[in-house]
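Observations on the three-dimensional arrangement
For reference, the chains in residue letters:
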Number of protein chains: 2
Amino acid sequence: MYLQKMFSCSQFLARTNAMQAFIRAASQGKMPLARAHGKSFAHRSELRQAKRIVVKLGSAVVTRGDECGLALGRLASIVEQVAVLQNQGREMMIVTSGAVAFGKQRLRHEILLSQSVRQALHSGQNQLKDMSLPVLEARACAAAGQRLYDSPPGSDDAKLLDTFYPGDQHSITYGTKSRVGIGGMEAKVKAALWALQGGTSVVIANGTHPKVTGHVITDIVEGKKVGTFFSEVKPAGPTVEQQTEMARSAGRTLASLEPEQRSDIICTLADLLTERKDEILSANKKDMEHAVSTGRLSPAMLKRLSLSSSKLNSLSIGLRQIAVSSQDSVGRVLRRTRVANKLELEQITVPIGVLLVIFESRPDCLPQVSALAIASGNALLLKGGKEAANTNRILHELTQEALSIHGVKDAIQLVSTREEVEDLCRLEKMIDLIIPRGSSQLVRDIQRAAKSIPVLGHSEGICHVYVDHEASVDKAIKIIRDSKCDYPAACNAMETLLVHRDLLRTPLFDQIIDMLRTEHVKIHAGPKFASYLTFSPSEVKSLRTEYGDLECCIEVVDSMLEAVDHIHKYGSSHTDVIVTENEDTAEQFLQQLDSACVFWNASSRFADGYRFGLGAEVGISTARIHARGPVGLEGLLTTKWVLRGEGHTAADFSEQGSMTYLHENLPVAQVLPGCRTTS
Amino acid sequence: MYLQKMFSCSQFLARTNAMQAFIRAASQGKMPLARAHGKSFAHRSELRQAKRIVVKLGSAVVTRGDECGLALGRLASIVEQVAVLQNQGREMMIVTSGAVAFGKQRLRHEILLSQSVRQALHSGQNQLKDMSLPVLEARACAAAGQRLYDSPPGSDDAKLLDTFYPGDQHSITYGTKSRVGIGGMEAKVKAALWALQGGTSVVIANGTHPKVTGHVITDIVEGKKVGTFFSEVKPAGPTVEQQTEMARSAGRTLASLEPEQRSDIICTLADLLTERKDEILSANKKDMEHAVSTGRLSPAMLKRLSLSSSKLNSLSIGLRQIAVSSQDSVGRVLRRTRVANKLELEQITVPIGVLLVIFESRPDCLPQVSALAIASGNALLLKGGKEAANTNRILHELTQEALSIHGVKDAIQLVSTREEVEDLCRLEKMIDLIIPRGSSQLVRDIQRAAKSIPVLGHSEGICHVYVDHEASVDKAIKIIRDSKCDYPAACNAMETLLVHRDLLRTPLFDQIIDMLRTEHVKIHAGPKFASYLTFSPSEVKSLRTEYGDLECCIEVVDSMLEAVDHIHKYGSSHTDVIVTENEDTAEQFLQQLDSACVFWNASSRFADGYRFGLGAEVGISTARIHARGPVGLEGLLTTKWVLRGEGHTAADFSEQGSMTYLHENLPVAQVLPGCRTTS
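Everything numeric here is computed off the predicted structure, so don't read it as measured data.

**Quick look at the overall build of chain A**
Per the secondary structure count, chain A includes 26 helices and 22 strands. Scored against the burial criterion, the 679 residues of chain A give a buried share of 57%. Long-range contacts, defined here as pairs at least 24 residues apart, represent 74% of the contacts in chain A between residues at least 6 apart. Carbon together with sulfur atoms contributes 51% to the accessible area of chain A, which is approximately 27,900 Å² in total.

**Description of the pairing of strand 8 (residues 343-351) of chain A**
Note on strand geometry: in a regular strand, side chains alternate between the two faces of the sheet. Residues and elements named next belong to chain A. Burial of strand 8 is extensive: 8 of the 9 residues sit out of reach of the surface. Pairing of strand 7 (residues 333-340) with strand 8, which is carried by 6 bridges, proceeds in the antiparallel orientation. Residue Arg338 lies in a different strand from strand 8, and its bridge partner there is Glu344. Hairpin connection of strand 7 to strand 8: 2 residues between the antiparallel strands, including Lys342 at a positive phi of 60 degrees. The pairing of strand 8 with strand 21 (residues 637-648) spans 8 bridges and is classified as antiparallel. In the sheet register, Pro351 faces strand 21, and the bridge partner there is Leu637.

**A word on the relation of the copies chain A and chain B**
Mapping chain A onto chain B leaves a residual RMSD of 0.1 Å; the transformation is a rotation of 180 degrees accompanied by 0.0 Å of translation along its axis. This pairing of chains is accounted for by a two-fold axis.

**Section: the interface of chain A and chain B**
Each partner contributes residues to the interface: chain A has 106 residues there, and chain B has 105 residues. Buried surface at the junction of chain A and chain B, both sides included, amounts to about 8,900 Å², of which 53% is carbon and sulfur. For the interface between chain A and chain B, the tally reads 10 salt bridges. In this structure, the salt-bridge partner of Asp594 of chain B is Arg252 of chain A, at a minimum N-O distance of 3.7 Å. Remark: the boundary between chain A and chain B carries 56 residue pairs in polar contact (both at pLDDT 80 or more). Here the side of chain A that touches chain B takes 11 residues from strand 21 of chain A, the largest share from any one element. Note that strand 18 (residues 597-602) of chain A and strand 21 (residues 637-648) of chain B share 5 bridges and pair parallel. Residue pairing in the sheet places Cys597 of chain A in a bridge with Trp641 of chain B of strand 21 of chain B.

**Topic: the side chain of Arg90 of chain B**
Its place among the elements puts Arg90 of chain B in the loop between helix 4 (72-87) and strand 3 (91-96). Here Ala50 of chain B takes part through its backbone oxygen, which lies 2.8 Å from a polar atom of the side chain of Arg90 of chain B.

**Regarding the sheet that holds strand 7 of chain A**
Pairing between the strands of a sheet is mediated by backbone hydrogen bonds and can be parallel or antiparallel. Taking strand neighbours across the sheet as the criterion, the 10 strands line up as 22(A)-7(A)-8(A)-21(A)-18(B)-17(B)-13(B)-14(B)-16(B)-15(B) in an open arrangement whose pairing is mixed. Each edge of the open sheet carries a strand with a single partner, namely strand 22 (664-666) of chain A together with strand 15 (522-525) of chain B. Across the sheet, the axes of successive neighbouring strands diverge by a mean angle of 25 degrees, strand direction being ignored. In terms of strand pairing, strand 15 of chain B meets strand 16 (residues 551-557) of chain B through 4 bridges, oriented parallel. Residue pairing in the sheet places Ile523 of chain B in a bridge with Cys552 of chain B of strand 16 of chain B. Strands in contact with helix 25 (residues 583-592) of chain B are strand 21 of chain A together with strand 13 (463-467), strand 17 (575-579) and strand 18 (597-602) of chain B; relative to strand 18 of chain B, the strand with the most contacts, it is inclined by about 160 degrees.

**A look at the UniProt feature "domain: Aldehyde dehydrogenase" (unreviewed entry) in chain A**
When the UniProt feature table is mapped onto this chain numbering, "domain: Aldehyde dehydrogenase" (unreviewed entry) sits at residues 239-528 of chain A. Counting secondary structure, residues 239-528 of chain A comes out at 50% helix and 18% strand; the distance between its end C-alpha atoms is 57 Å.

**A look at the pairing of strand 16 (residues 551-557) of chain A**
All names here are of chain A. The element strand 16 is extensively covered by neighbouring structure, given that 6 of its 7 residues are classed as buried. Relative to strand 16, strand 14 (residues 494-500) runs parallel, the two being bridged by 5 bridges. When the sheet's bridge partners are listed, His500 is paired in strand 16 with Val557.

**Section: the pattern of salt bridges**
Going through the model one piece at a time under the given rule, you end up with 61 salt bridges over all chains. Of the charged contacts in the structure, one is a salt bridge between Arg426 of chain A and Asp423 of chain A, with a shortest N-O distance of 2.8 Å. The shortest N-O distance in the salt bridge between Asp219 of chain B and Lys224 of chain B comes to 3.7 Å. Assessed through its relative accessible area of 12%, Asp219 of chain B is described here as buried. Put simply, Arg248, Arg252 and Asp432 of chain A together with Asp594, Arg624 and Arg628 of chain B are held in one network by salt bridges that share partners.

**Comments concerning the sheet that holds strand 10 (residues 379-383) of chain A**
Residue and element names in this part refer to chain A. Pairing within the open sheet is parallel, and its 4 strands lie in the order 11-10-9-12. Edge strands, defined here as strands with exactly one partner in the open sheet, are strand 11 (412-414) and strand 12 (433-437). Adjacent strand axes in the sheet meet at a mean angle of 20 degrees when their direction is disregarded. For strand 9 (residues 354-359) and strand 12, the ladder comprises 5 bridges, and the chain directions are parallel. Bridge pairing links Leu355 to Leu433 in strand 12. Seen against the sheet, helix 12 (residues 240-256) touches strand 9, strand 10 and strand 11 and runs at an angle of roughly 145 degrees to strand 10.

**Some words on the packing of helix 14 (residues 277-294) of chain A against helix 18 (residues 389-404) of chain A**
Residues and elements named next belong to chain A. Contact geometry of helix 14 with helix 18 gives a least axis separation of 7 Å together with a crossing angle of 155 degrees. Considering the angle they form, helix 14 stands roughly antiparallel to helix 18. Contacts between helix 14 and helix 18 involve Glu279, Ile280, Ala283, Asn284, Lys286 and Asp287 from the first element and Ala389, Asn390, Thr391, Ile394, Leu395 and Leu398 from the second. Across the contact of helix 14 with helix 18, the residue classes break down as 6 nonpolar, 3 polar and 3 charged.

**Quick look at the packing of aromatic side chains**
Counted by the stated rule, this structure contains 12 aromatic pairs over all chains. Look at Phe606 of chain A and Phe653 of chain B: their rings are 5.7 Å apart centre to centre, the planes differ by 90 degrees, and that puts the pair in the edge-to-face class. Here the residue Phe606 of chain A occupies a position in the loop between strand 18 and helix 26 (609-612), and Phe653 of chain B occupies one in the loop between strand 21 and strand 22 (664-666), the pair thus bridging two chains. According to the relative accessible area criterion, Phe653 of chain B is buried, its value standing at 13%. Judged by centre distance (5.0 Å) and plane angle (45 degrees), the rings of Phe612 of chain A and Trp641 of chain B are tilted. Taken together, the residues Phe612 of chain A in helix 26 and Trp641 of chain B in strand 21 connect one chain to another. Judged by relative accessible area, which is 1%, Trp641 of chain B ranks as buried. One aromatic cluster is present, formed by Phe599 and Phe612 of chain A together with Trp641 of chain B through successive ring pairs.

**Here's the deal with the nonpolar core**
Ranked by internal contacts, the top residues of the largest apolar core, which has 100 residues, are Leu382 of chain A together with Leu382 of chain B. Among residues more than four places away in sequence, those in contact with Leu382 of chain A are Val357, Phe359, Leu366, Val369, Ser370, Ile412, Gln413, Leu414 and Val415 of chain A.

**Remarks on unusual backbone geometry**
Although it is not a glycine, Lys342 of chain A sits at a positive phi angle of roughly 60 degrees. Within the secondary structure layout, Lys342 of chain A lies in the loop between strand 7 and strand 8. The backbone of His626 of chain B sits at a positive phi, close to 65 degrees, despite the residue not being glycine. In this fold, His626 of chain B is placed in the loop between strand 19 (619-621) and strand 20 (629-631).

**A few points about the packing of helix 17 (residues 365-375) of chain B against helix 18 (residues 389-404) of chain B**
Residues and elements named next belong to chain B. Running from N to C, helix 17 and helix 18 point in directions that differ by 25 degrees, and their axes come no closer than 10 Å. As the angle between them shows, helix 17 and helix 18 are arranged roughly parallel. The handedness of the crossing between helix 17 and helix 18 comes out as right-handed. Contacts between helix 17 and helix 18 involve Leu366, Pro367, Ser370 and Ile374 on the former and, on the latter, Asn392, Leu395, His396, Thr399 and Leu403. Partitioning the contact of helix 17 with helix 18 into residue classes produces 5 nonpolar, 4 polar and no charged.

**Let's talk about helix 18 of chain B**
Taking 1.5 Å per residue as the helical rise, helix 18 of chain B with its 16 residues ought to reach 22 Å, and the 22 Å between its terminal C-alpha atoms agrees with that figure. Lining the buried residues of helix 18 of chain B we find helix 13 (259-275), helix 14 (277-294), strand 9 (354-359), helix 17 and strand 11 (412-414) of chain B.

**A look at the side chain of Gln400 of chain A**
Here Gln400 of chain A shows up in helix 18. Every residue in contact with Gln400 of chain A, bar those within four places of it in the chain, is listed here: Lys409, Asp410, Ile412 and Gln413 of chain A.

**Concerning the environment of Ser201 of chain A**
Residue and element names in this part refer to chain A. Structurally, Ser201 can be placed in strand 5 (residues 201-206). Under the relative-accessibility criterion, Ser201 is labelled buried at 1%. A C-alpha to C-alpha distance of 47 Å links Ser201 and Gly548, two positions 347 residues apart in sequence.

Conventions adopted
Residues numbered from 1 in each chain as written. Chains lettered and ligands numbered in written order. Predicted model: local features only at pLDDT ≥ 70, side-chain atom pairs only at ≥ 80, totals over all residues. Heavy atoms only, no water. Helix = DSSP H or I, 4+ residues; strand = E, 2+ residues; numbered from the N terminus. Buried < 20%, exposed > 50% of the residue type's maximum accessible area, 1.4 Å probe, protein only. Contact = heavy atoms within 4.5 Å. Areas by Shrake-Rupley, 256 points an atom, 1.4 Å probe, with all protein chains shown as cover. Pairing = 2+ DSSP bridges. Least-squares fit on C-alpha atoms with pLDDT ≥ 70 in both. Buried area = accessible area lost by both parts, 1.4 Å probe. Salt bridge = Lys/Arg side-chain N within 4 Å of Asp/Glu carboxyl O. Polar contact = N/O pair within 3.5 Å; in protein donor to acceptor, adjacent residues only side chain to side chain. Axes fitted to C-alpha atoms, helices over the stretch in contact; angles between N-to-C directions. UniProt positions renumbered as here; feature names shortened; annotations may be inferred. Parallel < 35°, antiparallel > 145°, perpendicular 65-115°, else oblique. Nonpolar A, V, L, I, M, F, W, Y, C, P; charged D, E, K, R; others polar. Phe/Tyr/Trp six-rings, centres within 6.5 Å; stacked < 30°, edge-to-face > 60°. Core = buried A, V, L, I, M, F, W, Y, C linked by side-chain atoms within 4.5 Å. Left-handed = near helix turned anticlockwise from the far one by under 90°. Expected span 1.5 Å × (residues − 1).

In structure tokens, the structure reads:
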């Protein structure tokens, strides 16, 4: 049987220019009985359990692009990966095409394995090309599988899907999409089906791209979304790509609803949160019990996971506020211009498109973020943590129930917990904005993974309070205490206290230190501060540290301008504060400092969407484009330009034309985004 | 002498965990005499000319991270690269550290070279670790250089500079910046200096990262910015990193000037363009002569390169318009909120930071883009094409002369033509926004290269005109002609004409076809259109084609909604037009279509900053965040939040606190960004 499987694999030879590695996984041993009956894996994540893997190398993988013999480095790194997997206790087998019956590059991989590296290098250039067919080749070819020589050469321009299910409509879509090289692809798909019948999962991937060669095989076995995964077991739900398409399509309808209808949906969801709280709390109980039994979550994380009747009530109240904000969010006119006679231009707000929100632990995030998406007319993909799977599921069901009242159920999709964040971050052109909601580590990871999709968020909050020599004692003490101690883990908490040199050895300074001691704030000394002291607290390791706890750094500066320089150098452009009674100094600080939030005589803790009065908070951004600082609903909006004419053409405005530009500003209703108009 | 050089190279052994490849290049043969006297290269681009290259592999490069023997794949791919370089006619030499006297992983690379691949694989696991020291090692060690065993181990956490010049202040900065592993680094720097004295250029690079291993050596020899380049010849000007820092610093001063001062600078530049036109035109003449003599530029490109007295005049007029727009750009209050009693919040416009503008051919781009940057208070790095080097140099000098009048000369920097666009796109954290100005190919290349820096621009303009069955004949003909023929190469020109099915075989349809024929527009048929015709024009290859010429696709749709679907599927969300007399149909189209610009009964050619009345045009963006459609000065601005209090703290607003949030909107002056207020 094993041999037979090997032969079935040999079917997948890439006779194309395509450079591909074929992987086949069959399970044994620990696997459930069903698998032994020849069922292929349903999901990539199961590939980790594969016990027997056949790696089939296309000829392009084995030979060099410049036709100068064997791709020695590539080959060796593949062998290394196979060795790693073998050492993990799997049965590994490599088969190559031998395929160079094409005539151009005659591979002699069996010979290579017998010859020394030095020989291979020396002979690499020309010798291999001209060598005569040795006895070994017959065997090599047998291993590689003759059958494939029947399939016509294809092309690798055609992009394969992430996952391919036979019988799925994709098999048709695919065939029509890729006009180039259908022959080769058809043969491959047929071969894959043949293998699937035998219960073998197949992955076809590019094996020559220099950025992946070194880890393509191990990546595939780890379940990463590399190449195309063939499976005859179709998972219950739609793929994440299908979900994104469904969301985008329903999202367009959501965006075209009346503001009152969007508000309606949010209020319905708010109602459901309290009406159906028993269901929610019972699902949450399951998650809590599971979390406690596995003991993997810290007490703080357990607290965030847990829902209560009162949490649901305040969540519901928050949603009703978002419903109010939603009234003037989409379709607001920002600018009106009479371009010319009977040619009028409007700039109006529109949704961004499809958002992906990735959140950890806190299931209350789900209805909140959903309400923000609905209010702004955006489609939404939600990816929550495994630990909250049951709670998230019921909350998502209620959200879709609310969306249904205006026929846009699919606008918000919950992504399977199986999907890797990394893979989601690669869905460019499908997702328009990613919003991570969680630890700064999560944000950093996502910023790194999402190369071509913008990420709204901040990974660091290194906030400063600068106490000027003309500061009021009371205000300084109050503001420092609040900035550091009100909620030390918040991103808008103070991490570094900058003190004007003249304050050293004054009563104010002693009062600050006393207060910090009373509040149990651990003090680290900046190098300049330390140099002023006979006995200094431990010196900071870095002036760019986010303690996120009852700890802070104190550093001394000679002037307000030096404080500004310090903050530019070590800060994260989040929120920085000056405490002074001198208005000129304050205004200079506010003007010169290049941070998202700059405060005069106010605690850094005010840097927050609710406190700013933005109505609903999407997050805080330290990016420099789009939205900056606390972001309200308008951070989820973009604009479009609407021009209405009566047959106007650019030629009408040329020197020979009859028209002239007026560019007259027309009044627009002054409603501020996301704010309740009170005046 | 050769041997001696080899020994000097052997100094650079990485005795750290750092994984590094050392490259040494000395020139011979074709090189000027000066080089033979032992001068190292001044710039990486010269590495291409290297005739003799010694590649020194650190132990981490040679051995596997998991301590399971030799890194076979890595080693082989390095050998492959060296072979490629050798085959180019260079003298190549590989030396390894042998360095594993550390005891953990005993390398036997000489043995490996003699043993078969299969042997190496079999023995890889344990055998090599335990092998006894063979005779060969003495030789290997000699080649690798004993001296290094004297230097203490360092760390590779410390980031090296792109280029290292001894005697430069960097050598000091560097030492203090990297506290970790100074020992190892010091030793390396000393060793590099030793080699430089002998006239050898040195590059130290990471040789183990899987994404670079396959091409790190060839990349270095091709002059790419990989690792750290050591040179004792310091190029005349500052490095691009230094230029960026200078620009950012002067840019902050520029941003803090009064609007009148920025306007002043722009007007001065406008004056200089006409006052000093002889200098400019003579520099431009040089560029033109050079371009003509090399014959590399097409007539169209030559035309773009050439300046004239009248071009300079209209450039100067354009600058004065930007000067006007600049008056209310930076520091404009967008929103004012009374958060609480005596706690007031403002959201104001501020510059984005440092812009990088990459432009081709057209040197008139330089003063124009400079004026936009000055108007918006941004620092600017300019990267122009080699073909316009002389013209760009004088234009940049004049720009700096204008900037000098308010002491901000360095805010705009011209980057050397030597710098690769790719390298510039990697300067994350130094550059805040990239604006490509040139072909859609340039934009695409930059979007690909700039992974973590936002790019403002559009790479495609696939614009549609949909002619509804209720369209006016006159308007349809006028709009189609203007959209396609006014300037076919523009991004806002029509590429696909969608026609309602009911119009087929009507006089209107015939008139459209006649007009397109008269205008010499080549017609391609969409599949549905083709199916309606007995004899159809050539069918389109793809419905998503930007012809950029007197060509277009015609396709038939059954309804306005089908037109919307078609545009969503094949368009680029740039500009799309409906021609109809039915207002309901038009408003539905305008509402449902998700493009940056949606027009009713107006030519697609109006999608333009000047025509929209934005005052100054930065570009057109098809991105969905930040700026969308034609972008005026506000596309170069972000916002910051200014909060002014009297010692307010978050705790004051807690349940126990004495204050309550008011969140009262306060009026702001309604000046629209970049627009001349006429009402």
